[in-house]
Amino acid sequence: MPGILNTSLSGMLAFQRALDVTSNNIANANTPGYSRQVAHFTARPGSGSGVGYIGSGTQISSIERMYDAMQTEQLRTTTTGYSRFNTLNNLSGRMDVLLADPDTGLNSSLQSYFGSMQDLANDPSSIPSRQAVIGEAQGLAAKFQSLDDRLAELEGEVNDRLELSVADINRLASSIAEVNQKISHANGSGNSPNDLLDQRDNLVLQLSAQVAVTTNVQDDGTMSVFIGSGQSLVLGGEARQLGIGGSEFDMTRMTVTYQGSSGSTPLDTASTGGNLGGLLDFRSRILDPARQSLGQTAIAFASSMNEQHGSGMDLRGNLGADLFSVAPPQVLPSSLNTGSGSAVASISDLGALTGVDYVLEFDGSAYSMRRTDTNTVVPMTGTGTAGDPLVADGMSIVVAGTPAAGDRQLLRPTHNAAGSLKSIVTDPQAIALAAPTRSSASFANTGSANISATSVVDAADPGLLGSALIEFTSPTTYSINGAGSFAYSDGSPIVVNGSSVTISGAPAAGDQFTIEANYGASGDNANGLLMAGVQAVGILDGGTISINENYGRLVSEVGSTTHQIQSNLEAQGVVLKNAEDAVLSTSAVNLDEEAANLIKYQQAYQAVAQVVSVASTLFDSLLNATRR
């Protein structure tokens, strides 16, 4: 009888454990990250008898977690990719709307400004039209500032999100380390701590949404977690931390560092991935180039308008002053510098201006310059003095002080330019629409030569507004203000005091032509027409790209990038759904299956209980027989 009872008791205990596992599965059917558990039965060792070994029942040998390491790793990888593209899509989509929308973008303001300039050129003496140009100029400058402010706000949001992401990563790393310790202790009992393993996998999955991770399970059951280019974030029960702070050049620009045993080092952003990687990618690939391109457009607009306006004359007979002001290139010294070197940069060639940022570095004997986006060396000329500045990519750089070897300075030629653009002309009569000089032919001329209208080639010439008399000493030679003898070539330019004219035809000896200041020409719109046409003139990229085209290119590039990101996000979403389905097919709780198991184990338990009843009956019969 004891053998039957022991065998029955083992079955009752085993099926009770199986029912416990099944009920636990049912209770956690909707618990995120829970993996279905299965109780495995094995026969207990039998005992020998005269006819052979007789079994002694059953037992639960293990409770297995339904888990596939390859599927889980694929889910982590796709989660990292989806999170990265989701962050990029959210931020780039907002920027695309900001730049392309007619109400918030720059196009409508540019068109309004140049439209008002064309209207003024059609009626150059109109004070209301001049006042309208000033109003449009102020509105356009405000639009540049507003756009730059919105982009700066996006950069501030990226900084805030970076801080939150780093905080989440540090929290999750500490939690994984704590669970690792519990798993290590639990493994000492010889049983698999399934719930702790689920908890750890769920934490690592959350971590993979923030940053790309690789994992490795150790012999003691703990999991090592690595990020970046192989830096260890979690080793056993120890968690490393990420740090965040200002960059080497700008304390307002957040950078992420790895706090290792050897100190703080920059995190490898090329393999970051996840939400953190999406934030860093958006800033470096989309936001920074957009602010630089917008600033490049602002500089090109302000400089070209100022230059053309300076080549005209206002209603008071003065040469045009600057219409707009814009900040010079920003120079930020490295916080690691040990010398006293400094630099001042200015824009010297709009056609060569790239808009990217540069690092100027002193090696102990000479300066070199690299682009920050490609890290390529930029050729420079000059020595860096005021008389012979360093010249590279449209910038002139004057260096001073005593730099130490390794000292660096960040040059940002266009980054903050759009936010600094201002309209500085408030007097409508100060708008210089007229050409500063005019030409005329003497009524006494006997030849058939004609002189063209003047064009200004050097508005800074001190003699620009002085009078000049071109007199032909013969049909083939002429003098200027009675001096010199110059050979006449039909249609060739003649430059005098910064003005250029052409004389064509057949002059006679004694014929005279005059170049003089264009005073009192309130109806002259020669310079106004040139100012209205600035928007279509090739200025940037070697004189091939106009102001309108440069902004249009920015809008197109951001829109194209956003569309590509959206496509990648949709594709990654499909991959993520497939990975989630694969994990669920292995680990998810099927309530129908669990209900069937519940009935099966219940019936088995009842059957074993019936065996106990039989054993009890046999035992009672035996006792009754022995009483006789």
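Scroll up a little and you will see the structure.
Residues numbered from 1 in each chain as written. Predicted model: local features only at pLDDT ≥ 70, side-chain atom pairs only at ≥ 80, totals over all residues. Heavy atoms only, no water.

Engineer: Can you walk me through the overall build of the chain in this structure?
Structural biologist: Counting its regular elements, the chain contains 10 helices and 29 strands. At 41 Å, the chain has a C-alpha radius of gyration far larger than the 25 Å of a compact globule built from 628 residues. C-alpha extents for the chain along the principal axes are approximately 165 × 55 × 40 Å. Buried residues in the chain amount to 43% of all 628 residues. For the chain, long-range pairs separated by at least 24 residues make up 71% of all intrachain contacts whose partners lie at least 6 apart in sequence. (Helix = DSSP H or I, 4+ residues; strand = E, 2+ residues; numbered from the N terminus. Rg over C-alpha atoms; globule rule 2.2 N^0.38 Å. Buried < 20%, exposed > 50% of the residue type's maximum accessible area, 1.4 Å probe, protein only. Contact = heavy atoms within 4.5 Å.)

Engineer: Honestly, the sheet that holds strand E29 (residues 512-517) in this entry has me stumped. Any pointers?
Structural biologist: Remark on secondary structure: sheet strands pair via backbone hydrogen bonds, oriented parallel or antiparallel. If you trace the 5 strands from one edge of the open sheet to the other, you get E21-E29-E24-E25-E26, paired in antiparallel fashion. Looking at the sheet topology across the chains shown, the edges are occupied by strand E21 (437-441) and strand E26 (483-487). Averaged over all pairs of adjacent strands, the angle between their axes in this sheet comes to 25°, without regard to strand direction. Sheet topology places strand E24 (residues 468-474) next to E29; 4 bridges connect them, and they run antiparallel. Within the sheet, the bridge partner assigned to isoleucine 470 lies in E29 and is phenylalanine 513. (Pairing = 2+ DSSP bridges. Axes fitted to C-alpha atoms, helices over the stretch in contact; angles between N-to-C directions.)

Engineer: Before we go on, may I ask you to explain helix H5 (residues 194-210) in this structure?
Structural biologist: Residues three or four positions apart in an α-helix share a direction because the helix packs 3.6 residues into each turn. Between its terminal C-alpha atoms H5 stretches 25 Å, which fits the 24 Å expected from 17 residues at 1.5 Å a residue. Among all positions of H5, only Asn194, Leu196, Leu197, Asp198, Arg200, Asp201, Leu203, Val204, Leu207, Ser208 and Gln210 are buried. (Expected span 1.5 Å × (residues − 1).)

Engineer: Whenever I open this one, the packing of helix H6 (residues 274-309) against helix H9 (residues 547-587) confuses me. Can you help?
Structural biologist: In the contact formed by H6 and H9, the axes pass within 9 Å of each other and the chain directions differ by 170°. Classified by the angle their axes make, H6 and H9 are roughly antiparallel. Packed against H6, whose contacting residues are Arg285, Ile286, Ala290, Ser293, Leu294, Gln296, Thr297, Ala300, Phe301 and Ser304, the element H9 presents Ile547, Asn550, Tyr551, Leu554, Thr561 and Ile565 at the interface. Each residue belonging to the contact of H6 with H9 can be placed in one class, and the counts come to 9 nonpolar, 6 polar and 1 charged. (Parallel < 35°, antiparallel > 145°, perpendicular 65-115°, else oblique. Nonpolar A, V, L, I, M, F, W, Y, C, P; charged D, E, K, R; others polar.)

Engineer: Sorry if this is basic, but what is going on with the sheet that holds strand E8 (residues 238-239) here?
Structural biologist: A sheet is described by the order of its strands in space; here 4 strands give the open sequence E5-E6-E7-E8, paired in antiparallel fashion. Sheet topology places strand E5 (213-217) and E8 at the edges, where each strand pairs with a single neighbour. With 5 bridges joining them, E5 and strand E6 (residues 223-227) adopt antiparallel strand pairing. Bridging from a neighbouring strand, valine 217 pairs with methionine 223 of E6.

Engineer: Just checking my understanding: could you explain the side chain of serine 232 for this structure?
Structural biologist: If you trace the backbone, serine 232 turns up in strand E7 (residues 231-235). For serine 232, the contacting residues outside a window of four places in its chain are Val225, Phe226, Arg240 and Tyr258.

Engineer: Mind showing me how you'd approach the environment of threonine 78 here?
Structural biologist: Note that threonine 78 resides in helix H2 (residues 69-100). With 496 residues separating them in the primary sequence, threonine 78 and valine 574 have C-alpha atoms 9.6 Å apart. Each residue touching threonine 78, except ones within four places of it in the same chain, is listed here: Gln572, Val575, Leu576 and Ala579.

Engineer: What's the story with the packing of aromatic side chains in this structure? I'm lost.
Structural biologist: Two measures describe an aromatic ring pair: the distance that separates the ring centres and the angle between the ring planes. With the rule as written, the count across this model stands at 13 aromatic pairs. Taken together, a centroid distance of 5.7 Å and an interplanar angle of 55° make the contact between phenylalanine 472 and tyrosine 478 tilted. Residue class for phenylalanine 472 comes out buried when judged on its relative accessible area of 1%. Using a relative accessible area of 8% as the deciding quantity, one classes tyrosine 478 as buried. Centroid distance phenylalanine 472 to tyrosine 488: 5.2 Å. Interplanar angle 80°. Geometry classified as edge-to-face. Of this pair, phenylalanine 472 sits in strand E24 while tyrosine 488 sits in the loop between E26 and strand E27 (493-496), and the two are 16 residues apart along the sequence. As far as the burial class goes, phenylalanine 472 and tyrosine 488 line up, both buried. Positioned over the ring face of tyrosine 67 is arginine 65, at 4.1 Å from the centre of the ring. Between the NZ or CZ atom of arginine 84 and the centre of the ring of phenylalanine 85, over which it lies, the distance is 4.9 Å. (Phe/Tyr/Trp six-rings, centres within 6.5 Å; stacked < 30°, edge-to-face > 60°. Lys NZ or Arg CZ within 6 Å of the ring centre and 35° of its normal.)

Engineer: Would you explain the side chain of aspartate 288 in this entry?
Structural biologist: In this fold, aspartate 288 is placed in helix H6. Within polar-contact distance, the side chain of aspartate 288 engages the side chain of arginine 253 at 2.5 Å. Excluding residues that lie within four positions of it along the chain, aspartate 288 makes contacts with Arg253, Arg283 and His415. (Polar contact = N/O pair within 3.5 Å; in protein donor to acceptor, adjacent residues only side chain to side chain.)

Engineer: Explain empty space enclosed by the protein to me, please; I cannot follow it from the model alone.
Structural biologist: Sizing a probe to match a water molecule and rolling it over the atoms shows the empty space that remains. This structure, assessed with the given rule, holds 2 cavities of 30 Å³ or more. Estimates place the volume of the largest cavity at around 70 Å³. For the largest cavity, the full set of lining residues is Tyr113, Met117, Val133, Ile134, Ala137, Leu323, Phe324, Ser423, Val425 and Ile431. Mapped onto the lining of the largest cavity, the elements with two or more residues apiece are helix H3 (107-122) and helix H4 (127-187). For the lining of the largest cavity, the element with the highest residue contribution is H4, accounting for 3 residues. The class makeup of the residues in the lining of the largest cavity is 9 nonpolar, 1 polar and no charged. (1 Å grid on protein atoms, 1.4 Å probe; cavity = no way out; pocket = protein on both sides within 12 Å on 5 of 7 lines; lining within 4 Å. Points joined across faces, edges and corners; volume = space filled by probe spheres on them.)

Engineer: What should I look at first to understand the packing of H4 against H5 in this one?
Structural biologist: The angle between the axes and the distance between the axes are what describe a pair of packed helices. At a minimum axis distance of 9 Å, the contact between H4 and H5 shows a crossing angle of 160°. Comparing the axis directions of H4 and H5 gives the class roughly antiparallel. Once H4 is placed against H5, the crossing between them reads as left-handed. From H4, Ser165, Asp168, Ile169, Leu172, Ser175, Ile176, Val179, Asn180, Lys182, Ile183 and Ala186 reach across to H5, where they touch Leu196, Leu197, Gln199, Arg200, Leu203, Val204, Gln206, Leu207 and Gln210. Across the contact of H4 with H5, the residue classes break down as 11 nonpolar, 6 polar and 3 charged. (Left-handed = near helix turned anticlockwise from the far one by under 90°.)

Engineer: Sorry, what's going on with a nonpolar patch on the surface here?
Structural biologist: On the surface, a cluster of nonpolar side chains totalling about 280 Å² of accessible area is made up of Ile4, Val611, Val614 and Leu618. Take the nonpolar patch: its biggest share by element is 3 residues, from helix H10 (residues 591-627). (Patch = residues over 30% accessible without salt bridge, like charges linked within 9 Å, V, L, I, M, F, W, Y side chains within 5 Å. Areas by Shrake-Rupley, 256 points an atom, 1.4 Å probe, with all protein chains shown as cover. Salt bridge = Lys/Arg side-chain N within 4 Å of Asp/Glu carboxyl O.)

Engineer: Please explain the nonpolar core as it appears in this structure.
Structural biologist: In a soluble, globular protein the nonpolar side chains are often hidden away together inside. Core analysis: the biggest nonpolar cluster contains 85 residues, and Met95, Tyr113, Leu276, Phe301 and Met305 have the highest contact counts within it. If near-sequence neighbours (up to four positions away) are discounted, methionine 95 is found in contact with Leu151, Leu154, Phe282, Ile286, Leu287, Ala290 and Val558. The next biggest cluster of nonpolar side chains, apart from the first, holds 15 residues, and it includes Leu360, Val378, Leu390 and Ile397. (Core = buried A, V, L, I, M, F, W, Y, C linked by side-chain atoms within 4.5 Å.)

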